[in-house]
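Given next are the chains, with one letter for each unit.
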Amino acid sequence: MFERVFTRIANKVAYAAGLPLTFLGCCLIVLVWAASGPVFGFSDTWQLVINTGTTIITFLMVFLIQNTQNRDGAAIQAKLDELIRVGKAQNHFIGIEHLTETEVEEIRKKCEEAAKRHDGRAKAKA
């Protein structure tokens, strides 16, 4: 229940955060804050308002965006795994996202080498 509600909120906030209107709204807030500086005498409290506000928003957005990216990455990986499973690709590629970075890099290099060999053979036939 909580996870479903959190996911819905995270999706909506992440979507809204990427809108041009949201960016313009944030710019407007900063401009209003900057323009209010003389009224408040550029006081420490005046500076603390923008610092605290941006820190809190940034802190919360990191978690929401990370959650969204984690789900997007997992969904893409599941789709790719399904394409590998039903296609003629090699099934041992399924689940490689759980390997270490070094192990994935080794597999990536082998794939690049295989692609180059395939391209070389295709050019020789043409």
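Quick look at the structure, then.

How each quantity is defined
Residues numbered from 1 in each chain as written. Predicted model: local features only at pLDDT ≥ 70, side-chain atom pairs only at ≥ 80, totals over all residues. Heavy atoms only, no water. Salt bridge = Lys/Arg side-chain N within 4 Å of Asp/Glu carboxyl O. Helix = DSSP H or I, 4+ residues; strand = E, 2+ residues; numbered from the N terminus. Buried < 20%, exposed > 50% of the residue type's maximum accessible area, 1.4 Å probe, protein only. Phe/Tyr/Trp six-rings, centres within 6.5 Å; stacked < 30°, edge-to-face > 60°.

Focus on the pattern of salt bridges
Link 1 in the chain: This model, assessed by the stated rule, comprises 3 salt bridges.
Link 2 in the chain: Taking the shortest distance from any N to any O, the salt bridge between Arg108 and Glu105 comes out at 2.3 Å. Of the two residues, Arg108 and Glu105 both sit in helix α4 (residues 101–125), 3 residues apart, roughly one turn of that helix.
Link 3 in the chain: The partly exposed category is assigned to Glu105, whose relative accessible area is 30%.
Link 4 in the chain: Close ionic contact of Glu112 with Arg108 constitutes a salt bridge, the shortest N to O distance being 2.2 Å. Of this pair, Glu112 and Arg108 both sit in helix α4, 4 residues apart, which is roughly one turn of the helix.
Link 5 in the chain: For Glu112, a relative accessible area of 37% translates into the label partly exposed.
Link 6 in the chain: What makes Arg108 partly exposed here is its relative accessible area of 37%.

Quick look at the packing of aromatic side chains
Link 1 in the chain: As enumerated under the stated definition, the model contains 4 aromatic pairs in all.
Link 2 in the chain: The interplanar angle of 25° and the centroid separation of 6.2 Å between the aromatic rings of Phe2 and Phe6 together place this pair among those described as stacked. A residue pair is termed a helical-turn pair when its members lie 3 or 4 positions apart in one helix, as Phe2 and Phe6 do in helix α1 (residues 2–17) at 4 residues.
Link 3 in the chain: Here the aromatic rings of Trp33 and Trp46 are separated by 4.0 Å at their centres, their planes lie at 5°, and the arrangement is stacked. Of this pair, Trp33 sits in helix α2 (residues 20–35) while Trp46 is found in helix α3 (residues 44–86), placing the two residues 13 residues apart along the sequence.
Link 4 in the chain: Given a relative accessible area of 9%, Trp46 falls into the buried group.
Link 5 in the chain: In this structure an aromatic cluster arises from ring pairing among Trp33, Phe42 and Trp46.

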